[in-house]
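Overview (structure and organization)
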Amino acid sequence: MRKPLIAGNWKMNKTESEGISLVRKLIQGVKSLTTVDVLICPPFTSLSQLNKLLVSSPILLGAQNISEHKSGAFTGEISADMAAEFCTHVILGHSERRAFYGETDELINLKVTAALNAGMIPVLCVGEQLEERESGGAASVIAGQLQAGLEGVHLPDPDLMVIAYEPVWAIGSGLSASAEDTGDLIGGVIRPTLSGLWGEIISQKIRILYGGSVNPGNARGFFTQSEIDGALVGGASLSADNFLGIIEQAT
Ligand code: 13P
């Protein structure tokens with residue numbers, strides 16, 4: 001009942017011309033696709049051109065970050081209104097932004113609100129570190145990130161938000177989480193936490209993705225879990241063959 005979503009997070013990869021050549025291949029590859037939503041999140045510098053290139057394609061475009069501020073003297077920042085001219089989605093709370101740029105749940109909460117106010121769909125990332133998993137603390141870390149990151153956020157429609165569960169130790173490591181554990185965690189922790197915030201109906205309808213070393217070889221295992229509604233793909237989204245291979249597994 002939830003339509004799968006396959007999202008690519010390009011991170012700090014691909015110049016504009018490299019991005020255009022990748023997207024041309026993706027457009028060909030997803031031509032007749034209707035059963036899966038596809039989202040790509042390139043760097044800011046490519047959004048304008050890719051937005052033009054994708055005008056008659058079903059592929060959706062997202063940003064990788066926005067400022068929590070609406071406008072003003074914030075050198076180097078990009079506001080939600082600026083990004084919203086080119087794209088529909090924005091990745092927020094990614095573990096790399098939490099780890100390398102000191103983003104806290106409080107800051108992420110401000111960014112989620114800024115995105116929604118600009119009419120963008122946040123792809124909110126949560127996930128535990130290896131030590132937290134090993135000490136049995138994964139569930140409470142993830143529930144805490146959701147509660148703090150979404151505090152005070154009103155969500156009238158489940159299509160206005162996407163959640164991505166990305167265990168930090170699985171990102172870029174080649175060590176993906178087990179599909180079964182991930183399904184259990186989404187069904188046992190993430191949906192119940194969202195239900196506490198927004199009620200049962202929204203929590204059953206909102207899409208929850210898995211991210212962390214997804215590739216064409218392991219993707220199917222995740223997609224056969226009923227609780228997992230797609231993937232947020234890093235490294236494998238940089239090659240058309242790999243990304244299309246993952247999309248194919250979701251169809
Ligand atoms: P990898 O697919 O490279 O592990 O990255 C996952 C990720 O961080 C997507 O946001």
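In case you missed it, the structure is sitting above this.
These lines cover the structure that appears in this document, whether it is placed above or below. Given the structure is predicted, the values throughout are model-derived calculations rather than measurements.

Brief notes about the nonpolar core
Counting residues in each nonpolar core, the largest one holds 68 residues, and the members touching the most others are I163 and I190. No other element matches the seven residues that helix α8 (residues 179–198) contributes to this core. Beyond its immediate stretch of four places on either side in the chain, I163 contacts L124, V126, L146, L150, I190, L194, I206, R207, I208 and L209. Of all hydrophobic cores here, the second largest spans twelve residues; its members include L39, C41, I91 and I121.

Some details on the state of the cysteines
In total, this model carries zero disulfides according to the counting rule given. In this model C41 remains outside any disulfide bridge; the closest cysteine sulfur is found in C87, 7.7 Å from its own. A relative accessible area of 0% means that C41 is categorised as buried. Classification of C87 as buried rests on a relative accessible area of 6%.

Re the site of the ligand
As a structural note, the neighbourhood of the ligand is formed by 13 residues, with K11, H94, G172, S213 and G235 the closest of them. Contacts to the ligand include H94, whose side-chain N or O atom sits 2.8 Å from an oxygen atom. Taking G235, its main chain carries an N or O atom lying 2.8 Å from an oxygen atom of the ligand. Taken by itself the ligand offers 310 Å² of open surface, and the protein chains cover 94% of this. The class makeup of the residues in the shell around the ligand is four nonpolar, seven polar and two charged.

Considerations on the packing of helix α7 (residues 138–149) against α8
Packing of α7 against α8 leaves a shortest axis separation of 10 Å and a crossing angle of 30°. Between α7 and α8, the interaxial angle falls into the category roughly parallel. Considering the relative orientation of α7 and α8, their crossing is right-handed. Taking contact as the criterion, the partners of A139, I142, A143, L146 and Q147 in α7 are, on α8, L185, V189, I190, T193, L194 and L197. Its residues assigned to classes, the contact of α7 with α8 shows nine nonpolar, two polar and no charged.

Regarding the packing of aromatic side chains
Per the counting criterion, the structure on display carries two aromatic pairs. The interplanar angle of 10° and the centroid separation of 4.2 Å between the aromatic rings of Y210 and F222 together place this pair among those described as stacked. Placement of the pair is Y210 in strand β7 (residues 207–211) and F222 in helix α10 (residues 219–223), with a sequence separation of twelve residues. Here F222 falls in the buried class, since its relative accessible area comes to 3%. Three or more aromatic residues joined by ring pairs form one cluster here, namely Y165, Y210 and F222. Between the NZ or CZ atom of R97 and the centre of the ring of Y101, over which it lies, the distance is 4.3 Å.

Here is what the cut-offs are and how they apply
- Residues numbered from 1 in each chain as written.
- Predicted model: local features only at pLDDT ≥ 70, side-chain atom pairs only at ≥ 80, totals over all residues.
- Heavy atoms only, no water.
- Core = buried A, V, L, I, M, F, W, Y, C linked by side-chain atoms within 4.5 Å.
- Buried < 20%, exposed > 50% of the residue type's maximum accessible area, 1.4 Å probe, protein only.
- Helix = DSSP H or I, 4+ residues; strand = E, 2+ residues; numbered from the N terminus.
- Contact = heavy atoms within 4.5 Å.
- Disulfide = S-S within 2.5 Å.
- Near = heavy atom within 4 Å.
- Polar contact = N/O pair within 3.5 Å; in protein donor to acceptor, adjacent residues only side chain to side chain.
- Areas by Shrake-Rupley, 256 points an atom, 1.4 Å probe, with all protein chains shown as cover.
- Nonpolar A, V, L, I, M, F, W, Y, C, P; charged D, E, K, R; others polar.
- Axes fitted to C-alpha atoms, helices over the stretch in contact; angles between N-to-C directions.
- Parallel < 35°, antiparallel > 145°, perpendicular 65-115°, else oblique.
- Left-handed = near helix turned anticlockwise from the far one by under 90°.
- Phe/Tyr/Trp six-rings, centres within 6.5 Å; stacked < 30°, edge-to-face > 60°.
- Lys NZ or Arg CZ within 6 Å of the ring centre and 35° of its normal.

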